[in-house]
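# Chain and residue survey
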Amino acid sequence: MAQRGNPVFVALDTTDAAEAAAWASRVAGAVGGIKLGLEFFCANGPAGIGAVMGEASGLPLFLDLKLHDIPNTVAGGVRAVCALKPRYVTIHAAGGPAMLKAAGEAARQAGGAERPKLLGVTVLTSLSEDDLDRVGFARRAMHEQVANLARLAREGGLDGVVCSPHEAASLRAAFGPDFVLMVPGVRPSWSAADDQKRVMTPAEAMRAGATHLVIGRPITKAADPAGAARRIADEIAGRNAAA
Ligand code: C5P
């Protein structure tokens, strides 16, 4: 059984549907949800998503497609993915107010009571301030650009944003308790940082204001993925991890 109240969405980053399904079935009892992204979706499509979720014991799906196009096209994409009943879907906040509004309307129409919650992507963590300048965003500091796009997401009716653990506290303070903060860039003290640069531990990120955590390789690449996921859940809950 999935753990109630467990905030961890495990990122199954692979194009291999069999590998993703095997990970899902191994860790389903020790995480709160499954994150599948663009790489998996491009390789395996909706049928592949369905196959993985069939191994996930009813866990919620976070479909991280980071949609960004004209309003009509994004709305069509949101309507189409509603068939997969994702709990969360990501949209680039930089797509602008009309796109965010169209996405929200599409989710309400096609998803009904089980509509997906839409999360805004603000500034990709792969971008530096110099990159922001080069792509032609206003000359704002990174944190100002993140706050600005988060505000746009909020005003556009989105349910929350994806953000780094270092942005969680200020966004929580700015947008109140009901705004979803889905936070990647998280590493337990006992795992490798991999290519993540400015990490926090799961417990620190939750204290900073995250509502959910996205954690991939510390679970999927562990010798015992379910054990690693349980250890993370124990640390978040303040229990002494049993190893
Ligand atoms: O393996 P790891 O825990 O680093 O995986 C983190 C997941 O979160 C990956 O799927 C990655 O694409 C995603 N992500 C991220 N940073 C962002 C947005 C998404 O690491 N800013």
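Our structure's up above, just so we're on the same page.
Residues numbered from 1 in each chain as written. Predicted model: local features only at pLDDT ≥ 70, side-chain atom pairs only at ≥ 80, totals over all residues. Heavy atoms only, no water.

## Things to note about the overall build of the protein chain
Here is the rule: Only DSSP runs of H or I with at least four residues qualify as helices, and only runs of E with at least two residues qualify as strands; both kinds are numbered from the N terminus onward. Both definitions apply: the radius of gyration is a C-alpha atom measure, and the globule rule equals 2.2 Å times residues to the power 0.38. Three exposure classes are used, based on accessible area relative to the maximum for each residue type with a 1.4 Å probe and protein chains only: buried under 20%, partly exposed in between, and exposed over 50%. The contact definition used throughout considers only heavy atoms, calling two residues in contact when any of these lie within 4.5 Å.
Of regular secondary structure, the protein chain possesses ten helices and eight strands. What you see for the protein chain is a C-alpha radius of gyration of 17 Å, in line with the 18 Å of a compact globule of 243 residues. Judged by the C-alpha coordinates and their principal axes, the protein chain covers about 50 × 35 × 30 Å. For the protein chain, buried positions account for 49% of its 243 residues. For the protein chain, contacts bridging at least 24 residues in sequence account for 66% of all contacts bridging at least 6.

## Concerning the packing of helix 6 (residues 142-155) against helix 7 (residues 165-175)
How we decide: To define axes, lines are fitted to C-alpha atoms, for helices over the stretch in contact only, and angles between the resulting N-to-C directions are given on a 0 to 180 degree scale. An angle below 35 degrees is read as roughly parallel, one above 145 as roughly antiparallel, one from 65 to 115 as roughly perpendicular, and any other as oblique. If you view the pair so one helix is near and one far, a crossing is left-handed when the near helix is turned anticlockwise from the far one by less than a right angle, and right-handed when it is turned clockwise.
Look at helix 6 against helix 7: their axes get within 11 Å of each other, and the N-to-C directions meet at 40°. Between helix 6 and helix 7, the interaxial angle falls into the category oblique. Helix 6 and helix 7 meet at a crossing whose hand is right-handed. Contacts between helix 6 and helix 7 involve Val-146, Ala-147, Ala-150, Arg-151 and Arg-154 from the first element and Glu-167, Leu-171 and Phe-175 from the second.

## Section: the site of the ligand
What counts here: Throughout, the term near means that a residue has one or more heavy atoms lying within 4 Å of the molecule or strand in question. Identification of polar contacts relies on pairs of N or O atoms within 3.5 Å, with a donor-acceptor requirement for protein atoms, meaning one able to donate a hydrogen and the other able to accept it, and with residues adjacent in sequence counted only if both atoms are side-chain atoms. Using a grid of 1 Å spacing that covers the protein atoms alone, one calls a set of points a cavity when a 1.4 Å probe fits there but cannot get out, and a pocket when the set is open and has protein on both sides within 12 Å along at least five of seven lines; lining residues are those with an atom within 4 Å of a point. What decides whether a molecule sits in a cavity or pocket is whether more than half of its atoms lie within 2 Å of the grid points. Any residue that is not Ala, Val, Leu, Ile, Met, Phe, Trp, Tyr, Cys, Pro, Asp, Glu, Lys or Arg is counted as polar, Gly included; the first ten are nonpolar and the last four charged.
Taken together, 13 residues surround the ligand, and among them Asp-13, Lys-35, Arg-187, Gly-216 and Arg-217 come closest. Lys-35 is positioned such that a nitrogen or oxygen atom in its side chain is 2.7 Å from an oxygen atom of the ligand. When atom positions are compared with the pocket grids, the ligand is found to occupy the largest pocket. Among the elements of the structure, strand 8 (212-215) and helix 9 (217-220) are those that each provide at least two residues to the shell around the ligand. When the residues that make up the shell around the ligand are grouped by side-chain class, the tally is five nonpolar, three polar and five charged.

## Examining the environment of Val-27
With respect to the helices, strands and loops of the structure, Val-27 is situated in helix 1 (residues 17-27). Taking relative accessible area as the criterion, Val-27 reaches 2% and is therefore assigned buried. Taking the C-alpha atoms as reference, Val-27 lies 18 Å from Val-186; in sequence the two are 159 residues apart. Among all residues touching Val-27, those that are not within four sequence positions of it are Val-10, Ile-219, Pro-225 and Ala-226.

## Details of the pattern of salt bridges
Just so we agree on the cut-off: For this document, the term salt bridge refers to a Lys or Arg side-chain nitrogen within 4 Å of an Asp or Glu carboxyl oxygen.
The tally for this structure, following the rule as stated, stands at nine salt bridges. Here Glu-114 and Lys-85 are joined by a salt bridge, their closest N and O atoms 3.4 Å apart. Of this pair, Glu-114 sits in the loop between helix 4 (97-111) and strand 5 (117-121) while Lys-85 sits in the loop between helix 3 (71-81) and strand 4 (88-92); the two residues are 29 residues apart in sequence, bridging distant segments of the chain. When sorted by exposure, Glu-114 lands in the same class as Lys-85, which is exposed. Note that Arg-115 and Asp-159 form a salt bridge whose closest N and O atoms lie 3.0 Å from each other. Here Arg-115, found in the loop between helix 4 and strand 5, pairs with Asp-159, found in the loop between helix 6 and strand 6 (160-162); they are 44 residues apart in sequence, far enough to count as distant. Overall, the relative accessible area of 28% leaves Arg-115 in the partly exposed class.

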